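Given next are the chains, with one letter for each unit.
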Number of protein chains: 4
Amino acid sequence: MSKEISVVIWNENVHEQENELVRSIYPNGIHSAIAEGIGSLDTDSELRISTATLQEPEHGLTEERLAKTDVLIWWGHRAHGDVSEEVVDRVQKRVLQGMGLIVLHSGHFSKIFKRMMGTSCALKWREAGERERLWVTNHGHPITQGIGECIELENTEMYGEPFGIPAPDEQVFISWFEGGEVFRSGCCWHRGNGKIFYFRPGHETYPIYHNETIHRVIYNAVKWAYNPSRWTSVMDAPNVPVEKAPETIELKGGSVHADGEAGFR
Amino acid sequence: MSKEISVVIWNENVHEQENELVRSIYPNGIHSAIAEGIGSLDTDSELRISTATLQEPEHGLTEERLAKTDVLIWWGHRAHGDVSEEVVDRVQKRVLQGMGLIVLHSGHFSKIFKRMMGTSCALKWREAGERERLWVTNHGHPITQGIGECIELENTEMYGEPFGIPAPDEQVFISWFEGGEVFRSGCCWHRGNGKIFYFRPGHETYPIYHNETIHRVIYNAVKWAYNPSRWTSVMDAPNVPVEKAPETIELKGGSVHADGEAGFR
Amino acid sequence: MSKEISVVIWNENVHEQENELVRSIYPNGIHSAIAEGIGSLDTDSELRISTATLQEPEHGLTEERLAKTDVLIWWGHRAHGDVSEEVVDRVQKRVLQGMGLIVLHSGHFSKIFKRMMGTSCALKWREAGERERLWVTNHGHPITQGIGECIELENTEMYGEPFGIPAPDEQVFISWFEGGEVFRSGCCWHRGNGKIFYFRPGHETYPIYHNETIHRVIYNAVKWAYNPSRWTSVMDAPNVPVEKAPETIELKGGSVHADGEAGFR
Amino acid sequence: MSKEISVVIWNENVHEQENELVRSIYPNGIHSAIAEGIGSLDTDSELRISTATLQEPEHGLTEERLAKTDVLIWWGHRAHGDVSEEVVDRVQKRVLQGMGLIVLHSGHFSKIFKRMMGTSCALKWREAGERERLWVTNHGHPITQGIGECIELENTEMYGEPFGIPAPDEQVFISWFEGGEVFRSGCCWHRGNGKIFYFRPGHETYPIYHNETIHRVIYNAVKWAYNPSRWTSVMDAPNVPVEKAPETIELKGGSVHADGEAGFR
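Residues numbered from 1 in each chain as written. Chains lettered and ligands numbered in written order. Predicted model: local features only at pLDDT ≥ 70, side-chain atom pairs only at ≥ 80, totals over all residues. Heavy atoms only, no water.

Colleague: Honestly, the interface of chain A and chain B in this entry has me stumped. Any pointers?
Modeller: For an interface, size is often stated in terms of accessible area lost upon the parts coming together. The partner chain B presents 70 residues to the 70 residues of chain A that form the contact. For chain A, the biggest contributors to the area lost against chain B are A:Trp125, A:Lys252 and A:Phe264; these three give 14% of the whole. Inspection of the chain A/chain B interface yields two salt bridges. Salt-bridge contacts for B:Glu178 lead to A:Lys252; the nearest nitrogen and oxygen are separated by 3.0 Å. (Contact = heavy atoms within 4.5 Å. Buried area = accessible area lost by both parts, 1.4 Å probe. Salt bridge = Lys/Arg side-chain N within 4 Å of Asp/Glu carboxyl O.)

Right, here's the structure in full:
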């Protein structure tokens, strides 16, 4: 197949190194589990999957690599603060240009998600291994294909409302928790030319990322978030000189800009 | 009248000091012109108006002052980069708690507006003193009361689409320019508990902020953006202990958090 | 107090006549229970509350009465089909002009709600008297003032996702149900100059509308939905003759309209 | 190519019969011009294009045909009132299930567009053959691929704001008119599982639908609006019996429904 979607799975990869329980569940890291999971669903070899981690130079997200990335999947939890502002700027720019961004679970507090949302991204939480049921709110949505009425997970960390996000453009999942709370678990936004999907499941002390239905959602989200067109000049704020105005006009009034000068930022 | 809306008009106040043309139009600064303008419309003395500038300690926006501010009006252009990140964090938090934010003209590239939007906030521009017509797109909206079908300004700087913003929750004005471009000139968003209004007119080399209709829009926007209720805990991400879950549950499975520990950020 | 908000509570008033259980709970009808409830919270006498029912001529919603109504509360269930299209047209027009509309519970399938939404408005349901918990998703929103973290109702009918609505402009409540489902229970939309609030609780076999917290939400919603400005010409599609164009233009090309003719509808 | 998108171009086909000028421009009808236009761009034969008109039995939109239609393009102007409610119900249901809907120009007042929007869909208009410039507001959007900064049309009917629509989920074009007005000319919405695109250009007295760039936009919109997944049960409101609740619950309290009875509509 000629069309190829380049997917990078990013993981801070800290708990897997430091916590025995997490390591026992994800011996090769959460990123590898996700890579295997969505890879196994890619029966027509449409995806080109790779991974990157916090520990690599530039966190594995150089300008060059991001320029070739179509969809970025983000897992972080303990080390949000260690991600450099420069890399966050870079990822934001690529999202606005058209790269898809899928943010998982505790990534709600990642710098990149907070950057894209502009809000608190806060929520309630409880780590009790309780039952969760993610209800599909749109059965026709590309992200929910192959999923039934809901996804049931026997052991999860609870995330509860209020979730500090802008109103989603599309709601795809809402969670019910055994302990009594609810959460907007699958949310879509458009920002610039990029599509963003937040997906709640995934605590590192449960084998969530070995679950096939969770793989299916992430796989579907990759295909939904993929945008073949790229708006490379999305950050530009060009001056249109008077002589290039679409309609003929004449210069009137004073200016704070010298001729040909760039605007202020 | 017992109800009082505390309004702070913030101005970077740089061009007025450095550029003779700007000083001749706004001898006391743009902030003073706006303060006088909206003050003269406040016939029932509902507003308590004050100003703040970049040059003051903490840019005049201390924790204490922001805590008492209901609506913040933002003008900046040349010195966006001089605004401290700490003050931006602070303003963002107050907006999410419920403070209204009105961003004017070149404030589209201010740190606080980019922070709240999460997008490029970019646009095209031309400083030719051309005619602009701001069309009202909702005649019943609180912000457009007392305005006719459109606002006509003889001399303005042009701002042209694409404007790099998330889709507005409500569109209030769209501009037509003599030179042939268009622009979403009045846009509303909800973020957390705060309301945000972007209003385009206002280049500093034209007497825009001495225009009564412009005063009217800003005055209306202040009243629209005012929210008497405050969500003080908007940034919190509280843990809900197992024994405080609304439904009785038992702890199952492992944890990455020690008992009583705060979540990661 | 000089400002007065005119509220009409509409009830199809059928189950109260036909079903003994419902009559025992709402002997004077659901409309009366709501009128008393929000009336008791109106300590500054801002509201002018009245009721209307299906059985009255024009369902109690004449042009004259609607013209004077600021906020309309809608309860219907069994007799949606008996509401005349003409009255639905009329209510829709007033909402677009600026009248607030609050739709309760089974009103999700009312003609007026389906008209305003354009979608299926469908949902799952179960009448088991189970526990419901409505979680506040924005603690600063005018509609949630005076409510705590959630509203707990011991016996309710379940409504489950998917709920066939356009993405809400603001999400205010999401429900958790004992039986395992979730639902978007408090949703806000802007349509034309009107504000619409859907609020889920309210089955007629439970004393939901005698619950003070429910009264509080409806009272708050009335004040939120109230818009003092009215866009009377909201349905007009006026021709702008060539000679009245804001910019001077000359007639070019052919026409399908005779001079002065109205547009096609 | 195995994937096939079934496109139906619907035209009321009245002006072409009655008005000599319109017939001279579109001798085979507007539907044929669009069919040829987008067909010529379909170089990989992905589209299966057909047409339907008001005059055919059931307006050419039988249940069977709609069930096989992926994207419906709608042109109407003079005969909106002649479209049967039954066909409108049918089209609405298919859109909610996942059929794309592209509404052109005067179709803003079609029954189906008003049905999907829930608003007035009103606008200002002037038939002066003036110049229009449609500015692209998102250069990366699938609908704007292959279009430059704007589309310039020498002779068009003017449509002016306010346009009585719900806030678009995505804004794609905004128009500038020689006579001084502006208009939201390309708007996207999600409703149920369907995507809706409104595209303004197209007055029947100008050869707009012979313009290649216009063909390109419609062709792009077809591909954007196409959704391979179908939510067939989108209109259903199923009862979930107590014994089938995801969590075990017991029946409590009274009921207005007999056992196994369908809900009220």
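Colleague: In this structure, what is going on with the side chain of D:Glu170? I would like to understand it.
Modeller: Along the polypeptide, D:Glu170 turns up in strand E7 (residues 170–177). Of the side chains with opposite charge, D:Lys195 comes closest to the buried, unpaired D:Glu170, at an N-O distance of 6.9 Å. Separated by 3.2 Å, the side chains of D:Glu170 and D:His141 make a polar contact. The residues touching D:Glu170, leaving out its near neighbours within four places in the chain, are A:His190, D:His141, D:Gly186, D:Cys187, D:Cys188, D:His190 and D:Trp224. (Helix = DSSP H or I, 4+ residues; strand = E, 2+ residues; numbered from the N terminus. Buried < 20%, exposed > 50% of the residue type's maximum accessible area, 1.4 Å probe, protein only. Lys, Arg positive; Asp, Glu negative; His and termini not counted. Polar contact = N/O pair within 3.5 Å; in protein donor to acceptor, adjacent residues only side chain to side chain.)

Colleague: Hey, could you run me through the interface of chain C and chain D in this one?
Modeller: With 70 residues of chain C in contact, the opposing surface of chain D contributes 70 residues. Carbon and sulfur atoms supply 60% of the area that chain C and chain D bury against each other, a total of about 5,200 Å² over both sides. Sorting the residues of chain C by area buried against chain D places C:Trp125, C:Lys252 and C:Phe264 first, and these three jointly supply 14% of that buried surface. Sort the elements by how many residues they give to the side of chain C that touches chain D and strand E5 (residues 124–136) of chain C lands first, with eight residues. In the side of chain C that touches chain D, the residues fall into 29 nonpolar, 22 polar and 19 charged. (Nonpolar A, V, L, I, M, F, W, Y, C, P; charged D, E, K, R; others polar.)

Colleague: I'm lost on the relation of the copies chain A and chain B in this one. Help?
Modeller: Two copies of a chain can be linked by a rotation about an axis combined with a shift along that same axis. In screw terms, the move from chain A to chain B is a rotation of 180° and a rise of 0.0 Å along the axis, fitting with an RMSD of 0.0 Å. What the rotation and shift describe, once combined, is the action of a two-fold rotation axis. Of every C-alpha in chain A, the one belonging to A:Gly118 sits nearest the axis of rotation, 2.7 Å from it. Comparing interface residues between copies, 100% of those in chain A also lie at the interface in chain B; the contact surface is shared. (Least-squares fit on C-alpha atoms with pLDDT ≥ 70 in both.)

Colleague: Would you take a moment to explain the environment of C:Asn28 for this structure?
Modeller: Residue and element names in this part refer to chain C. Within the secondary structure, asparagine 28 sits in the loop between helix H2 (20–25) and helix H3 (30–41). Take asparagine 28: its relative accessible area is 54%, and that puts it in the exposed class. The spacing of asparagine 28 and glutamine 17 is eleven residues in sequence and 9.7 Å in space, taken between C-alpha atoms.

Colleague: What exactly am I supposed to notice about the sheet that holds strand E6 (residues 150–160) of chain D here?
Modeller: All names here are of chain D. Strand order across the open sheet formed by nine strands is E2-E1-E3-E4-E9-E8-E7-E5-E6, with mixed pairing between neighbours. In this open sheet, the two strands that pair with only one neighbour each are strand E2 (47–53) and E6. Between one strand axis and the next, the sheet turns by 25° as a mean value, whatever way the strands run. In the sheet, strand E5 (residues 124–136) pairs with E6 via eight bridges, with the strands oriented antiparallel. Across the sheet, residue tryptophan 135 finds its bridge partner in E6, namely cysteine 150. Contacts between helix H7 (residues 212–225) and the sheet are confined to strand E1 (5–11), E2, strand E3 (71–75), strand E4 (100–104), E6, E7, strand E8 (182–191) and strand E9 (194–199), with E9 contributing the most and set at about 165° to the helix. (Pairing = 2+ DSSP bridges. Axes fitted to C-alpha atoms, helices over the stretch in contact; angles between N-to-C directions.)

Colleague: I keep staring at the pattern of salt bridges and nothing clicks. Help me out?
Modeller: A full pass over the atoms with the stated rule returns 76 salt bridges over all chains. A:Glu247 is the salt-bridge partner of D:Arg131, the closest N and O atoms lying 2.8 Å from each other. Of this pair, D:Arg131 sits in strand E5 while A:Glu247 sits in the segment after helix H7 (212–225), each in a different chain. For the pair D:Arg131 and A:Glu247, one class covers both residues: buried.

Colleague: Explain the packing of helix H3 (residues 30–41) of chain B against helix H7 (residues 212–225) of chain B here, please?
Modeller: Two measures define how a pair of helices packs: the angle their axes make with one another and the distance between the axes. All names here are of chain B. Relative orientation of the contacting elements H3 and H7 amounts to 75°, with a least axis distance of 9 Å. Taken together, the axes of H3 and H7 lie roughly perpendicular to each other. Across the interface between the two elements, Ala33, Ile34, Gly37, Ile38 and Leu41 from H3 touch His215, Arg216, Ile218, Tyr219 and Val222 from H7. Partitioning the contact of H3 with H7 into residue classes produces seven nonpolar, two polar and one charged. (Parallel < 35°, antiparallel > 145°, perpendicular 65-115°, else oblique.)

Colleague: I tried to follow helix H7 (residues 212–225) of chain C on my own but got confused; where do I start?
Modeller: It helps to recall that an α-helix has 3.6 residues per turn; residues three or four apart then point in one direction. All names here are of chain C. Look at H7: 20 Å from first C-alpha to last across 14 residues, which is about the 20 Å you get at 1.5 Å a residue. Judged by how many residues are buried, H7 sits mostly within the fold: ten of 14 residues are covered. Buried residues of H7: Ile214, His215, Val217, Ile218, Tyr219, Asn220, Ala221, Val222, Trp224 and Ala225, and no others. (Expected span 1.5 Å × (residues − 1).)

Colleague: Before we go on, may I ask you to explain the UniProt feature "domain: ThuA-like" (unreviewed entry) in chain A in this structure?
Modeller: Per the UniProt record, the feature "domain: ThuA-like" (unreviewed entry) sits at residues 7–225 of chain A. Between the C-alpha atoms that bound residues 7–225 of chain A there is a distance of 11 Å. The span itself is 28% helix and 32% strand. (UniProt positions renumbered as here; feature names shortened; annotations may be inferred.)

Colleague: Honestly, the relation of the copies chain C and chain D in this entry has me stumped. Any pointers?
Modeller: With an axial shift of 0.0 Å and an RMSD of 0.0 Å, the rotation relating chain C to chain D amounts to 180°. Interface overlap between copies: 100% of the residues of chain C at the interface are likewise at the interface in chain D, consistent with a symmetric, same-surface contact.

Colleague: Can you help me understand the environment of C:Val217 in this one?
Modeller: Residue and element names in this part refer to chain C. Structurally, valine 217 is set in helix H7. Taking relative accessible area as the criterion, valine 217 reaches 0% and is therefore assigned buried. Spatially, the C-alpha atoms of valine 217 and lysine 244 are 48 Å apart, while their sequence positions differ by 27 residues. Residues within four places of valine 217 in sequence aside, it is in contact with Ile143, Ile147, Ile151, Phe173, Phe197 and Phe199.

Colleague: Mind showing me how you'd approach the pairing of E3(D) here?
Modeller: Two faces belong to every sheet, and in a regular strand the side chains alternate between them. All names here are of chain D. The buried count for E3 comes to five of five residues, which makes it a mostly enclosed element. Judged by which residues are buried, E3 turns out to be covered on both faces: Val71, Ile73 and Trp75 on one side and Leu72 and Trp74 on the other are all buried. Pairing analysis gives four bridges linking E3 to E4, with the strands arranged parallel. Directly across from tryptophan 74, in E4, lies its bridge partner valine 103.

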